[in-house]
Amino acid sequence: MFDLSGRIALVTGAGQGVGAGVARGLASRGAAVAVNDLHEDRAKATVDAIGAAGGQAMAAAFDVGDFEAVVAGVRRVAGALRPVDVLVNNAGIPAGMGIKAFRDTTPEDWRPYVDVNLYGVMNCCRAVIDGMCERSWGRVITISSGAGTVGLSLGVSPYAAGKGGAISFMRHLALECARYGVTANTIALGLINNQSDPQATAHLARSIPVGRLGEPEDVAALVLYLASEAASWMTGQTLQLNGGNVTT
Ligand SMILES: NC(=O)c1ccc[n+]([C@@H]2O[C@H](COP(=O)([O-])OP(=O)(O)OC[C@H]3O[C@@H](n4cnc5c(N)ncnc54)[C@H](O)[C@@H]3O)[C@@H](O)[C@H]2O)c1
């Protein structure tokens, strides 16, 4: 339904999980996909999967939290493919993410979450936004979390601070760029299945109104729409995608 032939997409943190599913989805609709990850081997595995399915992709390993590395990575993508038309800010879980009540944290605990979820998004946006505006077409899609939109007592407040910051940033980016044919939307994502054993997640699935956890393909379906021509009047929004877990 959503033809992305000729588009160049960059998906961050796409070496596994949600990002890999989104990268596969974009490639299946004809986009050439730059697969970013901190770990080159993971990025290459996604590139191989896309290639095996007949799609076009390249690995683009860099740390989204490092602005110079992001700019260099985006330049490599433009050289190998063409400039980025669709940016999916997906990287968001720092290595060793833990759960801790705010009262038990220190400023050192907060930084990785804000670095990847807020500065990572801003770095990648800054690196591609001028080109999108100059070419009068662009799509920026950020994968945030329900934790960025509602309070939870789970011990994820620094993560939520980064996720909520990105939601707010994206609204402003959307309005600054609306007249240039560039849209910017955010997905506030609910619980995704990242375990192969359904027994391990059965108790979590029961807490979701539709009765199952999300799959990367569920996220890809919404990203495909947001990346498409059909979504040119959709901008500045935060879309809850969560199997009914949070309603608005
Ligand atoms: N899994 C869930 O239940 C869930 C729920 C809500 C939101 N999300 C969001 O969805 C996105 C993807 O989640 P996931 O579960 O697929 O994550 P994941 O941890 O399975 O995969 C993320 C990938 O991002 C890479 N990465 C981490 N930091 C990076 C950096 N600084 N630069 C480049 N790459 C980096 C990792 O190496 C990893 O391969 C994240 O933004 C996450 O916050 C996930």
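Our subject is the structure that appears above.
Computed from a predicted structure; not experimentally measured.

Asks: Looking at this structure, I do not really get the environment of Gly146. What am I missing?
Replies: Its location among the elements puts Gly146 in the loop between β5 (138-145) and α5 (157-177). For Gly146, a relative accessible area of 11% corresponds to the buried category. Sequence spacing of Gly146 and Leu226 is 80 residues, and the spatial spacing of their C-alpha atoms is 18 Å.

Asks: Teacher, can you tell me more about the packing of helix α3 (residues 67-80) against helix α4 (residues 107-134) here?
Replies: Describing two packed helices takes the angle between their axes plus the distance from one axis to the other. The contact between α3 and α4 brings their axes to 9 Å, and the two run at 40°. Between α3 and α4, the crossing angle belongs to the class labelled oblique. For the pair α3 and α4, the sense of crossing is right-handed. Contacts between α3 and α4 pair Phe67, Val70, Val71 and Val74 from the former with Asn123, Cys124, Arg126, Ala127 and Val128 from the latter. Residues of the contact of α3 with α4, tallied by class, amount to seven nonpolar, one polar and one charged.

Asks: I'm lost on the pairing of strand β1 (residues 8-11) in this one. Help?
Replies: Successive residues of a regular strand alternate their side chains across the two faces of the sheet. Burial along β1 is two-sided: the residues Ile8 and Leu10 and Ala9 and Val11 are all buried. Here β1 pairs with strand β2 (residues 32-37) via four bridges, running parallel. Looking at β2, one finds that Leu10 is bridged to Ala34. Regarding topology, helix α1 (residues 17-28) serves as the crossover connection from β1 to the parallel β2, and that connection is right-handed. As paired elements, β1 and strand β4 (residues 86-89) share three bridges and run parallel to each other. Of the residues in β4, the one forming a bridge with Ala9 is Val86.

Asks: Before we go on, may I ask you to explain the pattern of salt bridges in this structure?
Replies: Pairs can form between side chains of opposite charge once their charged atoms are near each other. What the rule picks out here adds up to six salt bridges. In this structure, Lys44 and Glu40 form a salt bridge, with 4.0 Å as the shortest nitrogen-oxygen distance. Of this pair, Lys44 and Glu40 both sit in helix α2 (residues 40-52), four residues apart, roughly one helical turn. Notably, a salt bridge pairs Arg212 with Asp218, separated by 2.8 Å at the nearest N-O pair. Judged by relative accessible area, which is 43%, Arg212 ranks as partly exposed. Classification of Asp218 by relative accessible area gives partly exposed; the value is 27%.

Asks: It is not clear to me how a nonpolar patch on the surface should be interpreted in this structure. Could you clarify?
Replies: Together, Val150, Leu152 and Leu154 line one region of the surface with nonpolar side chains, adding up to about 260 Å² of accessible area. Along the chain, Val150 turns up in the loop between β5 and α5.

Asks: Please explain the site of the ligand as it appears in this structure.
Replies: Near the ligand you find 27 residues, and of these Val18, Asp37, Asn90, Tyr159 and Lys163 are the closest. Interatomic distance of 3.1 Å between a backbone N/O atom of Leu38 and a nitrogen atom of the ligand. Coverage of the ligand by the protein amounts to 91% of the 840 Å² it exposes when considered alone. Counting residues per element, the shell around the ligand draws most heavily on β5, which supplies three residues. Across the shell around the ligand, the residue classes tally to twelve nonpolar, eleven polar and four charged.

Asks: What's the story with the environment of Leu10 in this structure? I'm lost.
Replies: Looking at where Leu10 falls in the secondary structure, it is placed in strand β1. A relative accessible area of 0% means that Leu10 is categorised as buried. Leu10 sits 67 residues away from Val77 along the chain, and the two C-alpha atoms are 8.3 Å apart. Once you skip the residues sitting within four places of it in the chain, Leu10 turns out to touch Ala34, Asn36, Phe62, Val74, Val84, Val86, Leu87 and Val88.

Asks: Can you help me understand the packing of aromatic side chains in this one?
Replies: One pair of aromatic rings is described through two measures. These are the centre distance and the angle between the planes. Summed over the entire model, instances satisfying the criterion amount to two aromatic pairs. A centroid spacing of 5.8 Å and a plane angle of 55° characterise the contact between Phe2 and Tyr225, whose relative ring orientation is tilted. Here Phe2, found in the segment before β1, pairs with Tyr225, found in helix α7 (residues 216-227); they are 223 residues apart in sequence, far enough to count as distant. The exposure class of Phe2 is buried, given its relative accessible area of 15%. Assessed through its relative accessible area of 25%, Tyr225 is described here as partly exposed. Between Phe102 and Trp110 the ring centres are 5.5 Å apart and the planes differ by 20°, which places this aromatic pair in the stacked class. The exposure class assigned to Trp110 is partly exposed, which follows from its relative accessible area of 31%. Here the basic side chain of Arg7 rests over the ring of Trp137, its NZ or CZ set 3.5 Å away from the ring centre.

The rules behind each value
Residues numbered from 1 in each chain as written. Predicted model: local features only at pLDDT ≥ 70, side-chain atom pairs only at ≥ 80, totals over all residues. Heavy atoms only, no water. Helix = DSSP H or I, 4+ residues; strand = E, 2+ residues; numbered from the N terminus. Buried < 20%, exposed > 50% of the residue type's maximum accessible area, 1.4 Å probe, protein only. Axes fitted to C-alpha atoms, helices over the stretch in contact; angles between N-to-C directions. Parallel < 35°, antiparallel > 145°, perpendicular 65-115°, else oblique. Left-handed = near helix turned anticlockwise from the far one by under 90°. Contact = heavy atoms within 4.5 Å. Nonpolar A, V, L, I, M, F, W, Y, C, P; charged D, E, K, R; others polar. Pairing = 2+ DSSP bridges. Right-handed = clockwise from strand over helix to strand, strands pointing away. Salt bridge = Lys/Arg side-chain N within 4 Å of Asp/Glu carboxyl O. Patch = residues over 30% accessible without salt bridge, like charges linked within 9 Å, V, L, I, M, F, W, Y side chains within 5 Å. Areas by Shrake-Rupley, 256 points an atom, 1.4 Å probe, with all protein chains shown as cover. Near = heavy atom within 4 Å. Polar contact = N/O pair within 3.5 Å; in protein donor to acceptor, adjacent residues only side chain to side chain. Phe/Tyr/Trp six-rings, centres within 6.5 Å; stacked < 30°, edge-to-face > 60°. Lys NZ or Arg CZ within 6 Å of the ring centre and 35° of its normal.

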